Amino acid sequence: MTIINSTLTPASPTRKGLGFPFLFHNSGVNQKIYKNYMHMAVGHVLNFLENRDTPFSGVQPEELKKRFDLIDLDNSQQNVDFEKVLEEVKDLYLDHAVAFHHPKYIAHLNCPILTPAIAAEVLISSVNSSLDTWDQSAGGTLIEQKLIRWTCDLIGYKDQADGIFTSGGTQSNLMALLMARDQFCQEKLGVNIKIDGLPPEASRFRIFTSENSHFSIKKNAAVLGLGHKSVIGVPVDNQFRMSTSALEEAIKEELNKGNIPIAVIGTAGTTDFGSIDPLEKIASIASKYQLWFHTDAAVGGALLMSSTQASRLKGIEHSDSVTIDYHKTFFQPVSCSGFLFKNKDAARYICYHADYLNSKEQEKQGLPNNVNKSLQTTKRFDALKLWMTLRTLGREMLSKHYEYTLLLSKQAAHLIGKDPAFELLHQPELNCLVFRFNPGSNLNEEQLNVLNLNIRQSLFKEGKVIIASTKVRGTTYLKFTILNPLMTIKDFHFILNQIKQHADLHQ
Ligand SMILES: Cc1ncc(COP(=O)(O)O)c(C=O)c1O
């Protein structure tokens, strides 16, 4: 190896006129800036709360885009009054940001968030630990690992289990499919995908999941080189839960075609209906056909915290892996999600030892490096949010937030069900309600589809009430996702009236 012998002395850099006062560090000047900026930013957030009569301003992209077109980022001035920067952000973003805490927002799986977790975000960003290795995080790694163990205990996993915080359910589901694929190849075909890539048999791999499971399953199958065609959508029963007889039939059918089943994915809380697949039965079918069994509990995982509700996920403990999204039903800010797996040895399908970061020697020394089981390298300390939440509220109080929304969803379903203007598609298992406006007039199906889509769109444009829509077997429905414990049944009276008023505008 050549040793570089440098003879030229480089010019020393000068800090004259710079001083770098904005870099976060322990100096009087920076401390003042830090406190002032924090104070000002918090002031704007409080204004956002106070001035929000509606969940959305109704701004249109073209209108907002015009303001962005006027901004030349290369011409940003130095030392601009921070208040001016915040005013600009207010105009471009805060005034129009969709407010998830607002009791008239019930569109997607966004929850209002808990204050201890927001305070944690200040610590997370200010200290800026990276949770990939012990030498960049120390206690942070142990906080994450203790919460992973806590979640494993909720699932009913034994000591051999492990897990990792991820950026969201999509990434957690990706890790599940990756482990399923790689374990199958290693154990059944003797192929190490990590080294050798996909074997020719991979084009025949098949993954079974309910036809109502999250789209990330298909997307991830494509990312993993298996293609959308590898995902077999299993029919559901009339409550949108995977039919286990159809699952077994589908497995047999694929085997008859010469295809190779490798995994089955149960959903504990589907995105549209909140339906919970029969996990115990799926587990036994997975075991019979020796398939990796993953449970996507991104939505329903919070049931596990509840002494009265946890048993509804019975069977989850048999899963080889589980997705849990704390940023959905644990009231945590984005991002905060978990991927848990029953046998910690499966981390080997993800582990890579880089000499500069997490060398094999470090492993021998017993250093806890989370990167060994993570797809991400640099990794946010999202775990601190859940930690500070649990330490402030306790598990029971946290769970009560979710349990309230479950009861409220039932009440809302009752209200919709008894109103002749609406057609309720299902009874809620969790927080989602799918229904449509159909006052029994002489509109045909196509006209009803257009009407319901128009209702959703015009509500969004007005901004007073934000709901979602979806399609079920070609028919357009409206959808509520009820995750806000600040709501009461009165809010639903108002929302349903708004829907009727907007329907009138479009008939
Ligand atoms: C059942 C389910 N799984 C996975 C995901 C993906 O989660 P994320 O948006 O956190 O990536 C979602 C998102 O809505 C979901 O509903």
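Here is what the cut-offs are and how they apply
Residues numbered from 1 in each chain as written. Predicted model: local features only at pLDDT ≥ 70, side-chain atom pairs only at ≥ 80, totals over all residues. Heavy atoms only, no water. Patch = residues over 30% accessible without salt bridge, like charges linked within 9 Å, V, L, I, M, F, W, Y side chains within 5 Å. Areas by Shrake-Rupley, 256 points an atom, 1.4 Å probe, with all protein chains shown as cover. Salt bridge = Lys/Arg side-chain N within 4 Å of Asp/Glu carboxyl O. Lys, Arg positive; Asp, Glu negative; His and termini not counted. Charge placed at Lys NZ, Arg CZ, Asp CG, Glu CD. Helix = DSSP H or I, 4+ residues; strand = E, 2+ residues; numbered from the N terminus. 1 Å grid on protein atoms, 1.4 Å probe; cavity = no way out; pocket = protein on both sides within 12 Å on 5 of 7 lines; lining within 4 Å. Points joined across faces, edges and corners; volume = space filled by probe spheres on them. Domains from an automatic or database assignment. Nonpolar A, V, L, I, M, F, W, Y, C, P; charged D, E, K, R; others polar. Core = buried A, V, L, I, M, F, W, Y, C linked by side-chain atoms within 4.5 Å. Buried < 20%, exposed > 50% of the residue type's maximum accessible area, 1.4 Å probe, protein only. Contact = heavy atoms within 4.5 Å. Polar contact = N/O pair within 3.5 Å; in protein donor to acceptor, adjacent residues only side chain to side chain. Pairing = 2+ DSSP bridges. Right-handed = clockwise from strand over helix to strand, strands pointing away. Axes fitted to C-alpha atoms, helices over the stretch in contact; angles between N-to-C directions. Near = heavy atom within 4 Å. Sits in = over half its atoms within 2 Å of the grid points. Buried area = accessible area lost by both parts, 1.4 Å probe.

### Side note on a positive patch on the surface
- A contiguous patch of positive charge, built from K194, R348, K360 and K364, is present on the exposed surface.
- Here K360 is to be found in helix α12 (residues 360-365).

### Re the layout of surface pockets
- Taken as a whole, the largest pocket encloses approximately 1,600 Å³ of empty space.
- Lining the largest pocket are 50 residues, and of these Y93, I113, I118, P333 and V334 lie nearest its centre.
- Two domains share the lining of the largest pocket, each providing at least three of its residues, namely domain 1 (28-97) and domain 2 (130-393).
- In this model, the second largest pocket occupies a volume close to 470 Å³.
- What lines the second largest pocket is a set of 17 residues, among which S76, Q77, V80, V85 and E88 lie closest to the centre.
- Tallying contributions element by element places helix α3 (residues 82-94) first for the lining of the second largest pocket, with five residues.
- Among the residues forming the lining of the second largest pocket, the class breakdown is nine nonpolar, five polar and three charged.

### A short note on the nonpolar core
- L247, V264, F330 and L386 are the most contacted members of the largest nonpolar core, which has 59 residues in total.
- Composition of this core by domain shows at least three residues from each of domain 2 (130-393) and domain 3 (396-505).
- Excluding residues within four positions of it along the chain, L386 makes contact with L147, W150, F165, Y326, F330, Q332 and L398.
- Within the second largest apolar cluster, 31 residues are counted, among which are I164, F184, F205 and I260.

### Quick word on the environment of T389
- Residue position: T389 is located in helix α13 (residues 383-393).
- Each C-alpha atom of the pair T389 and A117 lies 5.7 Å from the other, and the pair is 272 residues apart in sequence.
- Dropping the residues within four chain positions of it, T389 is found in contact with L114, P116, A117, Q332, G394 and L398.
- Only 2.7 Å separates the side chain of T389 from the backbone oxygen of K385, close enough to count as a polar contact.

### Quick look at the pairing of strand β2 (residues 205-210)
- Extensive coverage of β2 is indicated by the burial of six of its six residues.
- Side chains F205, I207 and T209 project from β2 onto one buried face, and the interleaved R206, F208 and S210 project onto a second face that is buried too.
- Here five bridges tie β2 to strand β4 (residues 260-267), and the two strands are oriented parallel to one another. Residue pairing for β4: F205 is matched across the bridge by I260.
- Two strands pair when backbone bridges link them, and β2 and strand β3 (residues 231-234) are joined in this way by four bridges, in the parallel orientation. When the bridges of β3 are listed, S210 appears paired with V234.
- Regarding topology, helix α8 (residues 216-223) serves as the crossover connection from β2 to the parallel β3, and that connection is right-handed.

### A look at the side chain of E121
- As for its position among the elements, E121 is in helix α4 (residues 115-127).
- Other than its neighbours up to four places away in sequence, E121 contacts P333, V334, R380 and K385.

### Section: the sheet that holds strand β1 (residues 162-166)
- The seven strands are arranged β1-β7-β6-β5-β4-β2-β3 in an open sheet whose pairing can be described as mixed. Of all strands in the sheet, those with a lone pairing partner are β1 and β3, marking the two edges. The sheet shows a mean angle of 20° between the axes of neighbouring strands, direction not considered.
- As defined by bridge partners, β4 adjoins strand β5 (residues 292-297) across five bridges and the pair is classed as parallel. Looking across to β5, one finds that I265 is bridged to H294.
- Against the sheet, α8 contacts β2, β3 and β4, and its axis sits at roughly 165° relative to β3.
- Set on the sheet, helix α10 (residues 279-288) makes contact with β4 and β5; between it and β5 the angle comes to about 160°.

### Notes on the site of the ligand
- Near the ligand, the surroundings consist of 14 residues, among which G169, T170, T271, D296 and H327 are the closest.
- In this structure, an oxygen atom belonging to the ligand sits 2.6 Å away from a side-chain N or O atom of T170.
- For the ligand, an oxygen atom lies 2.8 Å from a polar atom in the side chain of H327.
- Here the ligand occupies the largest pocket.
- Where the shell around the ligand is concerned, the elements lending two or more residues are α6 (169-189) and α11 (326-329).
- For the shell around the ligand, the leading source of residues is α6, giving three residues.

### Topic: the pattern of salt bridges
- Evaluation of the coordinates by the stated rule reveals 29 salt bridges.
- The salt bridge partner of D182 is R181, with a shortest N-O separation of 2.7 Å.
- What you see here is one network of salt bridges that share partners, running through E121, R380, D382 and K385.

### Remarks on the domain arrangement of the protein
- Domain assignment breaks the protein into domain 1 (28-97), domain 2 (130-393) and domain 3 (396-505).
- The straight-line distance from the C-alpha centre of domain 1 to that of domain 3 is 33 Å.
- On the side of domain 3, seven residues touch domain 1, which itself brings six residues to the contact.
- Of the roughly 450 Å² buried at the junction of domain 1 and domain 3 (both faces included), carbon and sulfur atoms supply 66%.
- Taken together, domain 1 and domain 3 are joined by zero salt bridges.
- Linking domain 1 with domain 3 are one residue pair in polar contact (both at pLDDT 80 or more).
- A per-class count over the side of domain 1 that touches domain 3 returns two nonpolar, four polar and no charged.

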